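Geometric and topological summary
The primary structure of each chain is shown beneath.
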Amino acid sequence: MTMSLAERAELAAAVRELLNEHCSEADVRRIMDTDDGFERDLWNKLAAQGLAGLIVDTEYGGVGLGAQELEAVAEVTGAALLPAPFLSSAVLTTALIQAAGTDDDKARLLPGLADGTAIGTVAVTGTGGTWSPDDVAVQASKHQAEYLLTGSSHYVLDGQIADIILVVARTDESDDGIGIFEVTADAPGFTRTAATVFDPTVRMSTFGFDRVPARRIGLADWAPVEHALSLAVIALAGEQAGGTRRIFDITIDYLKTRIQFGRPIGSFQALKHMAADLLLEVESSTSAAQHAATQFDADPTTAGGAIALAGFACAEAYHATAMQAIQMHGGIAFTWEHPAHLFLRRARTGRQLFGSSRDHRERYLASKGA
């Protein structure tokens, strides 16, 4: 289902109102200092509003919305620096189950994800972090009536708190050598280690598999993984666009109120030029994210170029804006207590998540036949 522009704005406003109340900067700092970097009560509130099941079909308890609604909500979560399993559980996991799972898989897994009682994650990539078939580092071998997984996965979002765990692994039973498997959290031979992260609001894990028993999800290949990753890139681009706009607004407010030499520093021509350049970054990233979502809803099979464009354009705009925001704030923004550092850390993390800017550029060029 696709909403009208006005309905989409109302949806985003509702999420914004909830996050304004429960996900302030103080809340973000408090949550990121916890062991898990996660607050169940906040996630339950968001799930009750439909966020956890935003793209889940209504027959499985979800809201059944599309990429444009997902992107609109992501702009809001990105502006709030939401420390929650939105990308991992509400986007990547649900999208992969819907794309790859059988009806039984969907009926068994999606309702819990949609109502927030279950948290999901997907282990996809190896140490290279390219999020491509070539970088899958887990091998699945069939042993009698079950599969056994061996290898490792890295950069697994919210891996320490997930209770629905999907693993992309190599197999000899599909045309492109890729299969999707479900592993229980207490499976023998399965280990998950919290990774050291630059941004404590985005938690990651390394998963190890030593002949871990697993259940196959559907008879899928790489295609449903690519479908789920496309939605994840759109959501991440939306978060980046939202974060870019938010740190820009914070900076502009500072330029209007900081007085130097008897007048607001925003009246200085050099800072005006810098602000104008950043406004272009804000608007360009927002347009790129929204265009990717629109193209995906129109036809996912032809949206690859727009998604790749959003993948690198939004990441680079966010990072450039956050860096300039610190410079424009002067000495005060070099302290950890200033929110600019939170946005910069999120921006730097996002530059590598679901593929680097270089990876997305190569995909964009490939989509154009270059």
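Keep in mind that what you see is a predicted model, and the values were worked out from it rather than measured. (Residues numbered from 1 in each chain as written. Predicted model: local features only at pLDDT ≥ 70, side-chain atom pairs only at ≥ 80, totals over all residues. Heavy atoms only, no water.)

This paragraph deals with the overall build of the protein. Across its full length, the protein holds eleven helices and nine strands. At 21 Å, the protein has a C-alpha radius of gyration in line with the 21 Å of a compact globule built from 370 residues. Projected onto its principal axes, the C-alpha coordinates of the protein cover approximately 80 × 45 × 40 Å. Here the protein, with 370 residues, has 57% of them falling under the buried criterion. Counted over contacts in the protein with a minimum sequence separation of 6, partners at least 24 positions apart contribute 74%. By element, 51% of the accessible surface of the protein is carried by carbon and sulfur atoms, the whole surface being about 15,600 Å². In the protein, which carries 29 positive and 47 negative side-chain charges, the distance between the mean positions of the two groups comes to 7 Å. (Helix = DSSP H or I, 4+ residues; strand = E, 2+ residues; numbered from the N terminus. Rg over C-alpha atoms; globule rule 2.2 N^0.38 Å. Buried < 20%, exposed > 50% of the residue type's maximum accessible area, 1.4 Å probe, protein only. Contact = heavy atoms within 4.5 Å. Areas by Shrake-Rupley, 256 points an atom, 1.4 Å probe, with all protein chains shown as cover. Lys, Arg positive; Asp, Glu negative; His and termini not counted. Charge placed at Lys NZ, Arg CZ, Asp CG, Glu CD.)

All told, the structure shown has twelve salt bridges when counted by the stated rule. Note that Arg29 is salt-bridged to Glu25, the shortest N-O span being 2.9 Å. With Arg29 and Glu25 both in helix H2 (residues 25-32) and four residues apart, the pair spans about one turn of that helix. Residue classification places Arg29 among the buried positions, given a relative accessible area of 16%. Note that Arg346 and Glu239 form a salt bridge whose closest N and O atoms lie 3.6 Å from each other. Here Arg346 is found in helix H10 (residues 339-350), whereas its partner Glu239 is found in helix H7 (residues 222-257), with 107 residues between them in sequence. Accessibility classification places Arg346 together with Glu239 in one group, the buried group. (Salt bridge = Lys/Arg side-chain N within 4 Å of Asp/Glu carboxyl O.)

Take helix H3 (residues 40-48) next. Every buried residue of H3 is listed here: Leu42, Trp43, Leu46 and Ala47. Summarising the axial view, the buried residues of H3 lie within an arc of 135°, below the 170-degree limit, and thus occupy one face. The inward-facing, buried residues of H3 contact helix H1 (5-22), H2, helix H5 (86-100) and helix H6 (103-115). After H3 finishes, the residue Gly50 shows a positive phi value of roughly 105°. (Arc of directions from axis to C-beta.)

The next point concerns the domain arrangement of the protein. For the protein, the domain assignment lists domain 1 (5-118), domain 2 (121-220) and domain 3 (223-368). Contacts between the two partners involve 25 residues from domain 1 and, on the opposite side, 33 residues from domain 3. For the domain 1 and domain 3 pair, buried surface summed over both sides reaches about 2,300 Å², with 70% attributable to carbon and sulfur atoms. Counting across the domain 1 and domain 3 interface gives zero salt bridges. Residue assignment for the side of domain 1 that touches domain 3 shows that the elements contributing at least two residues are H2, helix H4 (67-79) and H5. The biggest single contributor to the side of domain 1 that touches domain 3 is H4, with nine residues. Along the lines of polarity and charge, the residues of the side of domain 1 that touches domain 3 split into 17 nonpolar, four polar and four charged. (Domains from an automatic or database assignment. Buried area = accessible area lost by both parts, 1.4 Å probe. Nonpolar A, V, L, I, M, F, W, Y, C, P; charged D, E, K, R; others polar.)

So, on to unusual backbone geometry. For Arg211, which is not a glycine, the phi torsion comes out positive at approximately 55°. Mapping Arg211 onto the fold places it in strand S7 (residues 204-216). Positioned with a positive phi, Phe354 is a non-glycine residue whose angle comes to about 65°. Residue placement: Phe354 occurs in the loop between H10 and helix H11 (357-367).

Let us now look at the packing of aromatic side chains. Evaluated as defined, the whole model comprises six aromatic pairs. On the basis of an interplanar angle of 75° and a centroid distance of 5.1 Å, the ring pair of Trp131 and Phe354 is categorised as edge-to-face. With Trp131 in the loop between strand S1 (120-123) and strand S2 (138-143) and Phe354 in the loop between H10 and H11, the pair connects residues that are 223 residues apart, well separated along the chain. We classify Phe354 as buried; its relative accessible area is 2%. Note on Phe312 and Tyr364: the rings are 6.0 Å apart at their centroids and 75° apart in plane angle, and the pair reads as edge-to-face. Linking Phe312 in helix H9 (residues 304-329) with Tyr364 in helix H11, this pair joins segments that are 52 residues apart in sequence. Among the residues examined, Phe312 registers a relative accessible area of 11% and is labelled buried. In this structure Tyr364 comes out as partly exposed when scored by relative accessible area, which is 24%. Linked through ring pairs, Phe190, Phe207 and Phe209 together constitute an aromatic cluster. Positioned above the aromatic ring of Phe198 is the side chain of Arg345, whose terminal nitrogen or guanidinium carbon lies 4.7 Å from the ring centre. Over the face of the ring belonging to Phe312 we find Arg361, whose NZ or CZ atom lies 4.4 Å from the ring centre. (Phe/Tyr/Trp six-rings, centres within 6.5 Å; stacked < 30°, edge-to-face > 60°. Lys NZ or Arg CZ within 6 Å of the ring centre and 35° of its normal.)

Within the fold, Thr93 resides in helix H5. Given the relative accessible area of 0%, Thr93 is considered buried. Between the alpha carbons of Thr93 and Gly120 there is a distance of 5.7 Å; along the sequence they are 27 residues apart. Discounting chain neighbours no more than four positions away, the residues touching Thr93 are Ser88, Leu113, Gly120, Thr121, Val122, Ile164 and Leu166.

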